[in-house]
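Single-letter residue listing:
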Amino acid sequence: MNPVRLGDIIAVLDDAYPPALAESWDSVGLVCGDPEDSVTTVMIAVDPTAAVVAEAVDAGADLLLVHHPLLLRGVDTVGAHTPKGALIHRLIKAGCALFTAHTNADSADPGVSDALAEALGLNVTGPIEPQPTEPLDKWVVPVPVDDATKVRRALFDAGAGHIGNYRDCSWSVTGQGQFLPTEGAQPALGSVGELELVEESRIEVIAPRRIRAGVLAALRAAHPYEEVAFDVFETAAFPGPRGLGRVGELPEPVSLKTFTQQVADALPATSWGVRAAGDPDATVRTVAVCGGSGDSFLDAVSRLGVDAYVTADLRHHPADEHLRAGGPALIDVAHWASEQPWCAQAKGVLDNALGDRPGWQARVSQVRTDPWSVGATSDCSR
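Residues numbered from 1 in each chain as written. Predicted model: local features only at pLDDT ≥ 70, side-chain atom pairs only at ≥ 80, totals over all residues. Heavy atoms only, no water.

Draft legend 1. Region of interest: the overall build of the protein chain. Secondary structure assignment for the protein chain yields 12 helices and 17 strands. Here the protein chain has a C-alpha radius of gyration of 27 Å; the compact-globule value for 382 residues is 21 Å, and the former is much larger. Projecting the C-alpha coordinates of the protein chain onto the three principal axes gives extents of approximately 100 × 55 × 40 Å. For the protein chain, buried positions account for 43% of its 382 residues. In the protein chain, once contacts between residues fewer than 6 apart in sequence are set aside, the share between residues at least 24 apart is 73%. Accessible surface, the protein chain as shown: approximately 19,700 Å² in total, 51% of it carbon and sulfur. (Helix = DSSP H or I, 4+ residues; strand = E, 2+ residues; numbered from the N terminus. Rg over C-alpha atoms; globule rule 2.2 N^0.38 Å. Buried < 20%, exposed > 50% of the residue type's maximum accessible area, 1.4 Å probe, protein only. Contact = heavy atoms within 4.5 Å. Areas by Shrake-Rupley, 256 points an atom, 1.4 Å probe, with all protein chains shown as cover.)

Encoded structure:
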């Protein structure tokens, strides 16, 4: 069996976490490494810190897959005398590539917030902020009945007719078409100056709008008529399963106090811990989650009417104003802890696609990259 190329892994990751889902300000994809290099060992982590890089190199990893970008903002040097440059140099010298899946992994389906929701035992119902489904065209093409199969096949081969897990999808009905070739025409059927009546199939297919030019070229190449008649309708966009954050339900309702403890038990321990704001005895059944910093969704989760919202990096004033306005209870966790469950998800993506290759192994980093190292508690009753 052929060895796994870095390019093969990139294809798997881009399919799971499409780069087009990344926010405009983000930096995702291959940071260093040769797509033609062979890969047998992958290390997966949230952050590309010095300790994680050392762990990957010591483990003989050929690829370090991370969530947070090492080079998010522009730099004018990656010299080894700089902290980030030193990590790049160490990876390259060790033959270890670096790849980032950041906000594209946040919005993917499943993505970072799905991993968090799964860790908390939620049954996901959708995103907090759904992205619209991909823009689609509906093509309507009349074609002589005898040529319908050929034209339909050409449309399918050009990328039309895909609906979810189904391909070669179309609808057709038979009717009568007519035309009268005029001087200069070279009709495939009929004669110049004579009205022609033709039994035609009206073929309807959908196709992504981004491949419109390719579908049109395939249609014109396969259709027997000199002048091809067709309609293209731009279909309405609907909220899709991709997007930031997730909303879900607990199997059974619990109190906010109990759910807060469940969150603490489900996520890796940090000195930050887990804290909640709201009535400890309030009932929690519906929950919104957002891996990473999520206070930008406070208004959105209020509109959704959930019982609680789990995220990281909540600030004092926005949280206080949110509660004063009657918003759902808040559960604040460490940023790293909220995204660490994604590592297991990414490992599953790679193992499902490549796990049967000889020598293949994907490993989740054991390094805690949460920057907070000391925690203390005080008696809140005083």
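Draft legend 2. Quick peek at the packing of aromatic side chains. A complete count under the given rule lists 4 aromatic pairs for this structure. On the numbers, 6.0 Å between centres and 55° between planes, the contact of Tyr-17 with Trp-342 is tilted. Placement of the pair is Tyr-17 in the loop between helix 1 (6-16) and strand 1 (29-32) and Trp-342 in helix 12 (residues 341-354), with a sequence separation of 325 residues. Judged by relative accessible area, Trp-342 falls into the buried class, the value being 0%. Taking the centre distance of 5.5 Å and the plane angle of 70° together, the rings of Phe-179 and Tyr-225 count as edge-to-face. With a gap of 46 residues between them, Phe-179 in strand 8 (residues 171-179) and Tyr-225 in the loop between helix 7 (212-222) and strand 10 (231-234) connect regions that are remote in the sequence. (Phe/Tyr/Trp six-rings, centres within 6.5 Å; stacked < 30°, edge-to-face > 60°.)

Draft legend 3. Local environment of unusual backbone geometry. In the segment running from Asp-109 into Pro-110, the intervening peptide bond is cis, with an omega of 0°. Mapped onto the elements, Pro-110 comes out in the loop between helix 4 (103-107) and helix 5 (112-119). We note that Asp-168 has phi near 55°; this positive angle belongs to a residue other than glycine. Of note in the backbone geometry, Asp-313 takes a positive phi value of approximately 60° without being a glycine. Structurally, the position occupied by Asp-313 is in the loop between strand 15 (308-312) and helix 10 (316-324). For Asp-313, a relative accessible area of 31% corresponds to the partly exposed category.

Draft legend 4. Structural view of the side chain of Asp-295. With respect to the helices and strands, the residue Asp-295 is situated in the loop between strand 14 (283-293) and helix 9 (298-304). The exposure class of Asp-295 is buried, given its relative accessible area of 18%. Only 2.7 Å separates the side chain of Asp-295 from the side chain of Arg-315, close enough to count as a polar contact. (Polar contact = N/O pair within 3.5 Å; in protein donor to acceptor, adjacent residues only side chain to side chain.)

Draft legend 5. Just the pairing of strand 3 (residues 63-66), in detail. Here strand 3 shows no split at all, with Leu-63 and Leu-65 on one side and Leu-64 and Val-66 on the other all buried. Inspection of the sheet shows strand 2 (residues 41-45) paired to strand 3 by 4 bridges, in the parallel sense. Each bridged residue has a counterpart across the sheet, and for Ala-45 the counterpart in strand 3 is Val-66. Crossover strand 2 to strand 3 through helix 2 (residues 50-58) is right-handed. (Pairing = 2+ DSSP bridges. Right-handed = clockwise from strand over helix to strand, strands pointing away.)

Draft legend 6. Structural detail: the nonpolar core. Grouped together as the largest cluster of nonpolar side chains are 51 residues, with contacts concentrated most on Ile-9, Val-42, Phe-259 and Trp-342. In contact with Ile-9, not counting residues within four places along its chain, are Val-4, Val-39, Val-42, Leu-63, Leu-350, Leu-354 and Trp-360. The next biggest cluster of nonpolar side chains, apart from the first, holds 17 residues, and it includes Val-141, Ala-154, Ala-160 and Ala-222. (Core = buried A, V, L, I, M, F, W, Y, C linked by side-chain atoms within 4.5 Å.)

Draft legend 7. Highlighting the sheet that holds strand 17 (residues 361-364). Spatial strand order, 1-4-3-2-17: 5 strands in an open sheet with mixed pairing. Because the sheet does not close on itself, it has two edges, and the strands there are strand 1 and strand 17. Averaged over all adjacent pairs, the angle separating strand axes in this sheet is 25°, with direction ignored. Bridging between strand 3 and strand 4 (residues 97-100) involves 4 bridges; their strand directions are parallel. Bridge assignment links Val-66 to a residue of strand 4, and that residue is Thr-100. Those strands touched by helix 12 are strand 2, strand 3 and strand 17, and its axis lies near 155° from that of strand 2. (Axes fitted to C-alpha atoms, helices over the stretch in contact; angles between N-to-C directions.)

Draft legend 8. Summary view of empty space enclosed by the protein. Following the criterion strictly, the structure yields 1 cavity of 30 Å³ or more and no others. In this structure, the largest cavity occupies an estimated 40 Å³ of space. As for the largest cavity, its lining consists of Ile-44, Ala-45, Val-46, Trp-336, Gln-340, Cys-343, Ser-365, Val-367 and Thr-369. Considering only residue class, the lining of the largest cavity consists of 6 nonpolar, 3 polar and no charged. (1 Å grid on protein atoms, 1.4 Å probe; cavity = no way out; pocket = protein on both sides within 12 Å on 5 of 7 lines; lining within 4 Å. Points joined across faces, edges and corners; volume = space filled by probe spheres on them. Nonpolar A, V, L, I, M, F, W, Y, C, P; charged D, E, K, R; others polar.)

Draft legend 9. Region of the structure containing helix 3 (residues 83-94). Over its 12 residues, helix 3 extends 17 Å from the first C-alpha to the last, a length consistent with the 16 Å expected when each residue adds 1.5 Å. Among the residues making up helix 3, those that are buried are Gly-85, Leu-87, Ile-88 and Leu-91. Considered in projection along helix 3, the buried side chains sweep an arc of 160° and stay on one side of the axis. In helix 3, the exposed residues that point more than 90 degrees away from the buried face are Pro-83 and Lys-93. Downstream of helix 3 by a residue or two, Gly-95 has a phi angle that is positive, lying close to 75°. (Expected span 1.5 Å × (residues − 1). Arc of directions from axis to C-beta.)

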